[in-house]
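Examining the three-dimensional arrangement
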Amino acid sequence: MPHGLFHQLESFYDAIPRIDARAEQHGALTLFVRDGEGFPYYARPSVDGGEPTAVDVRLVRDRQRELGVAEAFEWVHETTPGLLAVLEHLGFAVLRAPLMVLDKPLVAPEVDAALRVLDPDAAGFLEDVAVVQTVAQLSFSTPGTHKGDTGPKDRDTLLPTVIPVHVPKFRYALAEDATDGAVAAGMTQTAGAVAEVVGVGTLPFARRRGLGAAITAVLARDALDRGAERVFLSAGSEDIARVYERVGFRRIGTACVAEAEAGNAGPVNAEAGNGAA
Ligand SMILES: CC(C)(COP(=O)(O)OP(=O)(O)OC[C@H]1O[C@@H](n2cnc3c(N)ncnc32)[C@H](O)[C@@H]1OP(=O)(O)O)[C@@H](O)C(=O)NCCC(=O)NCCS
């Protein structure tokens, strides 16, 4: 059973989806099901539920197929070390993301852009949320940390098609260049005293001038100022983790994200019957 920091993170991971989804119990796994619109959730090990078995995974996959959602699982390796082998044995591709907590003084780089955290009570808030979501969408469609061509023109073309979706658990930050407008964005989501930085993205043309680090720092500062006792994140890769290390985050473990590869949907019963756990 995890203690201290890892237990705090498990409680957070369990609380966040419950804000806008319901929880179904399948063996030692909890599947979060969203009834309304929005990105579908995944299944996670239940808090203090022990190691999920292949049979538990089968139950969840059956239900995910029934619901028509991705066969997706997320967990912290240090807390539930056995799940990696179970899912890899079943053919899942597993992303191992550096799990990092802020445990050093925050370092915010000097950047040639104005940084602001959006005020939910300000006029134009939802329009700004649409800008954040547009910048994020374009940034994440060019993965990695390299510079690229995608820039303000692409943002301005996409923006009118984006319908902002705001959920109160989120806080948003934007970096705005005097000439080019919004070039980087990010968010935090908060449950209790824990805040997670998510969705940090810089338009490819504006990368490698400190904006990703600066957005992360401004979001972490905002979370601390609002009473967070723990600020953490998971980095998409080792290269991206360096950006967060410079801000004051330190790697403490691995957050795993597993999704069944396309065309590897069955036969679930036979797979689970092998007893891998
Ligand atoms: C990850 C991401 C947000 C980083 O954004 P960024 O604005 O380029 O980040 P930074 O500029 O702070 O740091 C990136 C690199 O530029 C370097 N850099 C920062 N300021 C610099 C400057 N003034 N001159 C030269 N290099 C600089 C950093 O040292 C870092 O180098 P490294 O890769 O060798 O470690 C961006 O690449 C991105 O949007 N990627 C796709 C989406 C994504 O994966 N997001 C993260 C999810 S966890």
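Look a little higher up for the structure.
The notes below deal with the structure included here. None of the values given here were measured: they were computed from a predicted structure.

Attention now moves to the nonpolar core. Membership of the largest hydrophobic core comes to 28 residues, with the highest contact counts inside it found for Met100, Val197, Leu211, Ile215, Val231, Tyr244 and Phe249. Those elements giving two or more residues to this core turn out to be strand S5 (92-102), strand S7 (170-177), strand S8 (181-191), strand S9 (194-202), helix H6 (211-225), strand S10 (230-234) and helix H7 (238-247). When residues of this core are assigned to their parent elements, the largest contribution, 8 residues, is made by H6. Apart from residues no more than four positions distant in its own chain, Val197 is found in contact with Met187, Thr188, Thr216, Leu219, Val231, Phe232, Leu233 and Phe249. Ala130, Phe170, Ala185 and Val198 belong to the second-largest nonpolar core, a separate cluster that totals 19 residues.

Another point: the pattern of salt bridges. Taken as a whole, this structure holds 21 salt bridges when the rule is applied. For Asp103, the salt bridge is made with Arg250, and the minimal N-O distance between the two is 2.5 Å. Remark: Arg250 occurs in strand S11 (residues 249-260) and Asp103 occurs in the loop between S5 and strand S6 (114-117); sequence separation between them is 147 residues. The class of Asp103 is partly exposed, set by a relative accessible area of 38%. Two residues, Asp222 and Arg171, come together in a salt bridge whose shortest N-O distance is 2.8 Å. You can see Asp222 sitting in helix H6 and its partner Arg171 sitting in strand S7, a full 51 residues away along the chain. Accessibility expressed as a relative area gives 12% for Asp222, which makes it buried. Taken together, the shared-partner salt bridges connect Arg22, Glu24, Asp35, Arg63 and Glu66 into one network.

This paragraph deals with the site of the ligand. Close contacts around the ligand come from 23 residues, with Val200, Thr202, Arg208, Gly210 and Gly212 the closest. In the environment of the ligand, a nitrogen atom lies 2.8 Å from a nitrogen or oxygen atom belonging to the backbone of Val200. Arg242 is positioned with one of its side-chain polar atoms (N or O) 2.9 Å from an oxygen atom of the ligand. Considering the ligand on its own, with 940 Å² of exposed area, one finds that the protein chains cover 75% of that surface. Elements with a contribution of two residues or more to the shell around the ligand: helix H4 (125-140), S9, H6 and H7. With 5 residues, the single largest contributor to the shell around the ligand is H7. Split by residue class, the shell around the ligand holds 8 nonpolar, 10 polar and 5 charged.

About the thresholds
Residue numbers restart at each chain and count upward from 1, following the sequence in its written direction. Residue-level local features of this predicted model are given only where pLDDT is at least 70; pairs of side-chain atoms are given and counted only at 80 or more, and the full residue set underlies all totals for whole chains, interfaces and linings. With hydrogens and water stripped out, all remaining heavy atoms of the structure feed into the side-chain values. To form a nonpolar core, buried Ala, Val, Leu, Ile, Met, Phe, Trp, Tyr and Cys residues must be joined to one another through side-chain atoms within 4.5 Å. Relative accessibility decides the category of a residue: with a 1.4 Å probe and only protein chains considered, values under 20% of the type maximum give buried, values over 50% give exposed, and everything between is partly exposed. Secondary structure elements follow DSSP: runs of H or I of four or more residues count as helices, runs of E of two or more count as strands, with numbering from the N terminus. In what follows, residue pairs with any heavy atoms lying within 4.5 Å of each other are defined as contacts. Should a side-chain nitrogen of Lys or Arg be within 4 Å of a carboxyl oxygen of Asp or Glu, the pair is scored as a salt bridge. Put simply, a residue is near a molecule or strand once any heavy atom of it comes within 4 Å of that molecule or strand. Two N or O atoms count as a polar contact when they lie within 3.5 Å, although within protein this holds only if one can serve as hydrogen donor and the other as acceptor, and sequence-adjacent residues are included solely when both atoms are side-chain atoms. Computed with the Shrake-Rupley method and a 1.4 Å probe, the accessible areas treat only the protein chains shown as cover for residues. Three classes are used: nonpolar for Ala, Val, Leu, Ile, Met, Phe, Trp, Tyr, Cys and Pro, charged for Asp, Glu, Lys and Arg, and polar for all others, with Gly counted as polar.

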